[in-house]
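Below, each chain spelled out in residue letters.
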Amino acid sequence: MDFAFTDEEERFRAELRAFLAEELPDWWRGMFVDDPRAIPFTRAFCRKLAARGWLALSWPREWGGQEASVWQQAILREEMWAHDEPRGPQYMNLNYIGPCIMRFGSEAQKRRFLPPMTAGDVLWTQGFSEPGAGSDLAAVATRAEARGDHLVVNGHKIWSSYADAPADWCFLLARTSASARRHEGLSILLVDMRTPGITVRPIDSMAGPHELNEMFFDEVRVPRDCLLGAQGQGWEIVTTGLTFERVGVARYARAGRVIALLVEHVKAAGLAGDPDVRRKLAELRVCHEAARLLNYRVISLQVRGQVPSVEAAIARVHNTQLEQRVGHVGLEILGLGGQLTADAPGAPLRGLLHRQWARNVPSTIAAGTLEVQKNIIARRGLGLPRAS
Ligand SMILES: Cc1cc2nc3c(=O)[nH]c(=O)nc-3n(C[C@H](O)[C@H](O)[C@H](O)COP(=O)(O)OP(=O)(O)OC[C@H]3O[C@@H](n4cnc5c(N)ncnc54)[C@H](O)[C@@H]3O)c2cc1C
């Protein structure tokens, strides 16, 4: 198996890098920083990507894409993650919300929801988790009750990223049948966040001031034509979407950039000859290469039309462990200064390691915890029975 990129793909990467060098302002540190410029910047950036046909690169032409290969798409994701994901919330539209609408939506829904995504005009939030339903997502209790032409939603969602951005739409998982078996009574609703009855409350956390939110739904009337797929098809849509989501985030690319910056730092700081520093950086490089190749393996299975759930879980476990190792080693190398935030005078690497550390913890939880990924590997990959 040869994972080398073609000359054309390498040219595309070079073009992207040149574009990023021109477009990313000096202050850009990624999302989840206490900086009011971040969301308006990501919106403007996505429109510029869209103008070049790069936003929905691999989507069908019919929906504004370029039908680029998944490998070109992988390059795009790598470059975005290596530069703190300047697409902001919109990576979700492109990685899984749009593809789910393409796969399960009616023609009218595709015409309504996909063009604003390819134009870079719309922010979505994901409303899956609840106080009593996280890893056990099928326990979702938010109800959507049929009343005339509407489904009326009542419930409480939690940990919704970007809801207060503010998001324009919510990809909402709700229970449409109390009597059906729990996986079968769920549906996906596409909810306009301006509908009366929705309250968004930010949750302050170590990941940043406005990453996470609670959402309360009180008699929220959602038109029936905003039900995605059939009533009761929610679980199938969610599992499809989560598989897209797990492979769509090139975490190793961000880790790779931090490793490169650490190497520059140790050279400049006269630490390059220290055997301990060299060994630690070499180990990081090994882990990074393994993470990259595990991701490419998942992509190559997708290209063949397979659903790589075990391989995606393996890649995700390795990727998040890589991020944690980079955080540990980075702090060891930078010492106490590594804990300084970006705005602190003299913060080494502009506070990069502090951010890396703060993101390490949630990255093992978001989109399914590592324990749940290991359960998938144990059951589906090793054929072990469910835990007793
Ligand atoms: C940064 C971030 C962003 C997020 N964004 C969103 C979002 O936009 N939308 C959204 O809907 N949700 C979002 N989430 C929520 C996320 O999906 C949940 O936090 C996650 O699924 C875990 O659920 P929980 O927090 O309820 O923990 P629980 O499910 O209560 O788990 C608690 C602990 O028990 C362990 N555990 C649970 N079940 C098992 C088991 N069967 N075997 C072994 N161990 C188990 C877990 O691994 C964990 O360590 C986000 C979370 C984070 C951290």
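Here the structure is a predicted model, which is why all the values come from computation and not from measurement. (Residues numbered from 1 in each chain as written. Predicted model: local features only at pLDDT ≥ 70, side-chain atom pairs only at ≥ 80, totals over all residues. Heavy atoms only, no water.)

*Asks:* Whenever I open this one, the nonpolar core confuses me. Can you help?
*Replies:* What tends to happen in soluble globular proteins is that the nonpolar side chains get buried as a cluster. By size, the foremost hydrophobic cluster in this structure holds 101 residues, and its most contacted members are Ile101, Trp124, Phe171, Ile188, Leu189, Leu190 and Val191. Residues in contact with Trp124, not counting those within four places in the same chain, are Met92, Asn93, Ile97, Ile101, Phe113, Met117, Ala167, Trp169, Cys170, Phe171 and Leu190. (Core = buried A, V, L, I, M, F, W, Y, C linked by side-chain atoms within 4.5 Å. Buried < 20%, exposed > 50% of the residue type's maximum accessible area, 1.4 Å probe, protein only. Contact = heavy atoms within 4.5 Å.)

*Asks:* Whenever I open this one, empty space enclosed by the protein confuses me. Can you help?
*Replies:* A water-sized probe, rolled over the atoms, reveals where empty space remains. All told, the structure shown has two cavities of 30 Å³ or more when counted by the stated rule. In this structure, the second largest cavity occupies an estimated 40 Å³ of space. If you trace the second largest cavity, you find it lined by Asp84, Arg254, Arg257, Val258, Leu352, Arg355, Gln356 and Arg359. At the level of elements, α7 (251–268) and α10 (352–363) are the ones that each hand at least two residues to the lining of the second largest cavity. (1 Å grid on protein atoms, 1.4 Å probe; cavity = no way out; pocket = protein on both sides within 12 Å on 5 of 7 lines; lining within 4 Å. Points joined across faces, edges and corners; volume = space filled by probe spheres on them. Helix = DSSP H or I, 4+ residues; strand = E, 2+ residues; numbered from the N terminus.)

*Asks:* Even after reading the chapter, I still don't get the site of the ligand, so can you show me in this structure?
*Replies:* Close contacts around the ligand come from 16 residues, with Ser129, Ser135, Trp159, Thr369 and Glu371 the closest. One nitrogen or oxygen atom from the side chain of Ser161 is found 2.9 Å from a nitrogen atom belonging to the ligand. The separation between an oxygen atom of the ligand and a polar side-chain atom of Glu371 is 2.6 Å. Sorting the residues of the shell around the ligand by element identifies β7 (208–223) and α11 (370–381) as the ones contributing at least two each. When the residues that make up the shell around the ligand are grouped by side-chain class, the tally is six nonpolar, eight polar and two charged. (Near = heavy atom within 4 Å. Polar contact = N/O pair within 3.5 Å; in protein donor to acceptor, adjacent residues only side chain to side chain. Nonpolar A, V, L, I, M, F, W, Y, C, P; charged D, E, K, R; others polar.)

*Asks:* Sorry, what's going on with unusual backbone geometry here?
*Replies:* Most peptide bonds are trans, and most residues other than glycine sit at a negative phi. The omega torsion of the bond from Ala165 to Pro166 falls at 5°, within 30 degrees of zero and hence cis. Examined against the element boundaries, Pro166 turns out to sit in the loop between β3 (150–158) and β4 (169–175). Phi angles above zero are rare outside glycine, and Glu67 is one such case at about 50°. Position of Glu67 among the secondary structure elements: in the loop between α2 (38–51) and α3 (70–82). The phi torsion at Glu219 lies on the positive side, around 55°, for a residue other than glycine. Position of Glu219 among the secondary structure elements: in strand β7. Glu219 gets classed as partly exposed once you look at its relative accessible area, which sits at 39%.

*Asks:* I'm lost on the pattern of salt bridges in this one. Help?
*Replies:* Side chains carrying opposite charge are able to pair once their charged atoms draw close together. Evaluation of the coordinates by the stated rule reveals 28 salt bridges. For Glu79, the salt bridge goes to Arg13, with nearest N and O atoms at 2.6 Å. With a gap of 66 residues between them, Glu79 in helix α3 and Arg13 in helix α1 (residues 7–23) connect regions that are remote in the sequence. Taken as a pair, Glu79 and Arg13 share a single burial class, namely buried. Notably, a salt bridge pairs Lys48 with Glu23, separated by 2.8 Å at the nearest N-O pair. On the criterion of sequence distance, the pair formed by Lys48 in helix α2 and Glu23 in helix α1 is long-range, its members being 25 residues apart. Overlapping salt bridges, with partners in common, bring together Glu10, Arg13, Arg17, Glu78 and Glu79 in one network. (Salt bridge = Lys/Arg side-chain N within 4 Å of Asp/Glu carboxyl O.)

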